[in-house]
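The chain contents come next:
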Amino acid sequence: MFPVTRRISPSEFCNLSRPLFFNEFEQQDCSEYLIHILNSLITHEQLPVLNAEQQNSSDHPSDPQTASETQPSCSNSSPPDDALPSSSSSGASNNKRSTKSFVDELFKSVLGTNIHCSGCQSVSVSSSNFHELLVTIPESRKDNVCVQSLIDAYCSSELLTGSAMYNCNVCNGPQLAVRVNLFLSTPKYLIVVMNNFKYDKRLQVQKIFVGSIHCNNEVTLPTWIPMEKTYQLYAAVIHESPFAQTGHYYTLAKDDTEWYLFNDDNVTQVNENYLQSLDSCCTPYLLFYKRTDIEDTYKPSIEDVPLKFRRLLHKRSKTPKV
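Everything quoted here is computed from the prediction, not taken from an experiment. (Residues numbered from 1 in each chain as written. Predicted model: local features only at pLDDT ≥ 70, side-chain atom pairs only at ≥ 80, totals over all residues. Heavy atoms only, no water.)

Peer 1: Hey, could you run me through helix 5 (residues 147–154) in this one?
Peer 2: Owing to its 3.6 residues per turn, the α-helix aligns residues three or four sequence positions apart on the same side. Taken together, the buried positions of helix 5 are occupied by V147, Q148, L150 and I151. Looking straight down helix 5, one finds its buried side chains confined to an arc of 160°; they lie on one side. Those residues of helix 5 that are buried lie in contact with strand 3 (133–136), strand 4 (145–146), strand 9 (189–195), strand 12 (213–214), strand 13 (218–221) and strand 18 (282–291). (Buried < 20%, exposed > 50% of the residue type's maximum accessible area, 1.4 Å probe, protein only. Helix = DSSP H or I, 4+ residues; strand = E, 2+ residues; numbered from the N terminus. Arc of directions from axis to C-beta. Contact = heavy atoms within 4.5 Å.)

Peer 1: What am I meant to see in the pattern of salt bridges here?
Peer 2: Tallied over the entire structure, the rule returns four salt bridges. Salt bridges here are not isolated pairs; linked through shared partners, they connect K229, R291 and D293. (Salt bridge = Lys/Arg side-chain N within 4 Å of Asp/Glu carboxyl O.)

Peer 1: Before we go on, may I ask you to explain the environment of Y289 in this structure?
Peer 2: Here Y289 lies in strand 18. With 70 residues separating them in the primary sequence, Y289 and V219 have C-alpha atoms 8.3 Å apart. From its side chain, Y289 meets the backbone oxygen of N216 in a polar contact 2.7 Å long. (Polar contact = N/O pair within 3.5 Å; in protein donor to acceptor, adjacent residues only side chain to side chain.)

Peer 1: Can you walk me through the pairing of strand 14 (residues 229–240) in this structure?
Peer 2: Taken together, the four bridges between strand 13 and strand 14 define a ladder with antiparallel strand orientation. Pairing of T220 across the sheet is with T230, part of strand 14. Where strand 14 lies against strand 18, nine bridges are found, and the strand directions are antiparallel. Counted as the bridge partner of H239 is T283 from strand 18. (Pairing = 2+ DSSP bridges.)

Peer 1: What exactly am I supposed to notice about the environment of N263 here?
Peer 2: Of note, N263 is situated in strand 16 (residues 258–263). Overall, N263 belongs to the partly exposed group, its relative accessible area being 25%. Distance in space between the C-alpha atoms of N263 and L252 is 8.7 Å, their sequence separation being 11 residues. Apart from residues no more than four positions distant in its own chain, N263 is found in contact with H248 and Y250.

Peer 1: Please explain a nonpolar patch on the surface as it appears in this structure.
Peer 2: On the surface, a nonpolar cluster with roughly 320 Å² of combined accessible area is contributed by L159, M165, L176 and V178. Among the residues examined, L176 registers a relative accessible area of 37% and is labelled partly exposed. (Patch = residues over 30% accessible without salt bridge, like charges linked within 9 Å, V, L, I, M, F, W, Y side chains within 5 Å. Areas by Shrake-Rupley, 256 points an atom, 1.4 Å probe, with all protein chains shown as cover.)

Peer 1: So what exactly am I meant to see when it comes to the environment of L176 here?
Peer 2: Along the polypeptide, L176 turns up in the loop between strand 7 (173–175) and strand 8 (177–185). Beyond its immediate sequence surroundings of up to four residues, L176 is in contact with H116, C117, S118, G119, L160, T161 and M165.

Peer 1: Can you walk me through the sheet that holds strand 2 (residues 123–130) in this structure?
Peer 2: Two orientations exist for strands paired in a sheet by backbone hydrogen bonds: parallel and antiparallel. Pairing is antiparallel across the open sheet formed by four strands, whose spatial order is 2-1-8-5. On the outer flanks of this sheet lie strand 2 and strand 5 (158–160), each paired with one strand and no other. Within this sheet the neighbouring strands show an average axis-to-axis angle of 30°, counted without direction. In this structure, strand 5 lies alongside strand 8, joined through three bridges in antiparallel fashion. What sits directly across from L159, in strand 8, is V178. (Axes fitted to C-alpha atoms, helices over the stretch in contact; angles between N-to-C directions.)

Peer 1: Please clarify how the packing of aromatic side chains should be interpreted in this entry.
Peer 2: Working definition: an aromatic ring pair is given by the centre-to-centre distance plus the angle between the planes. All chains considered together, the criterion is met by five aromatic pairs. On the basis of an interplanar angle of 55° and a centroid distance of 6.3 Å, the ring pair of F107 and Y189 is categorised as tilted. In this pair, F107 sits in helix 4 (residues 102–107) while Y189 sits in strand 9, placing the two residues 82 residues apart along the sequence. The class of F107 is buried, set by a relative accessible area of 16%. Taking relative accessible area as the criterion, Y189 reaches 15% and is therefore assigned buried. Judged by centre distance (6.0 Å) and plane angle (85°), the rings of Y189 and Y234 are edge-to-face. Placement of Y189 in strand 9 and of Y234 in strand 14 is noted, with a sequence separation of 45 residues between them. Three or more aromatic residues joined by ring pairs make a cluster, and in this case those are F107, Y189, Y234 and F288. (Phe/Tyr/Trp six-rings, centres within 6.5 Å; stacked < 30°, edge-to-face > 60°.)

Such coordinate-based values are descriptive only and should not be taken to indicate function.
This is the structure in structure tokens:
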């Protein structure tokens with residue numbers, strides 16, 4: 001029996017994980033690709049419970065409406081924790097999985113939104129789950145943009161007026177209101193997506209913000225409980241082009257205390273300030289942060305990997321086919 005390898009080449013990974021709507025030899029959005037991978041993992045984790053529920057439904061027929069309520073979710077918002085199974089770090093046992101997804105365990109955030117109506121003074125409270133934080137660079141900001149200021153702007157109070165007025169159920173109509181976003185729970189690993197696109201009507205293309213973007217080595221997330229969580233930067237995906245439809249991606253990542261540049265099949269060590277001195281045509285697109293109060297104790301097991309990847313791993317390891 002040969003040991004099971006846990007390595008897949010980048011080309012093999014891309015071939016197995018590429019979305020069907022991605023055309024070869026065309027520029028693709030790496031954020032969409034990341035979301036697709038996370039959703040694929042979530043779908044894979046749901047299968048054992050969904051199969052068990054379907055089996056249970058066939059053994060014990062129930063109301064068709066009730067039976068149709070449980071469906072796989074590939075959207076960016078995660079199902080409730082009690083509906084989303086995952087494998088334990090020690091591997092699956094007897095095909096049983098715990099009730100928490102390892103994707104959620106690592107990346108899930110819960111954002112709380114309060115909307116205060118100025119008409120009746122009522123407060124609407126809601127929450128949403130997501131795995132990546134999308135922040136927008138304002139068109140009025142031409143330079144000296146920093147990631148922390150974008151996060152703060154995302155969570156600051158916003159006056160809903162004009163076409164964005166709040167449709168209040170109590171007042172039965174649109175009203176001026178104040179909306180506030182704050183985190184109810186924070187992820188262990190924070191993914192920040194920089195929305196820096198602007199449509200150029202003259203050229204009819206999506207252009208990218210060109211200017212200085214400071215990628216803070218540390219950022220904090222505002223929470224409802226006055227206890228901000230601090231994160232440290234450990235990786236970034238850079239897009240090299242003034243246009244969204246063309247260009248080249250490369251990655252900067254930290255290993256212990258050293259930073260490395262991954263550019264296709266070339267890997268070079270770089271200065272820790274490299275990210276702060278990018279060329280004007282190079283803009284940070286995906287930023288990866290780790291919360292400072294956690295340790296690297298959780299590691300997904302081989303059972304958390306979709307079957308097509310496990311088959312490749314076993315084939316390369318010369319072990320019996322899964």
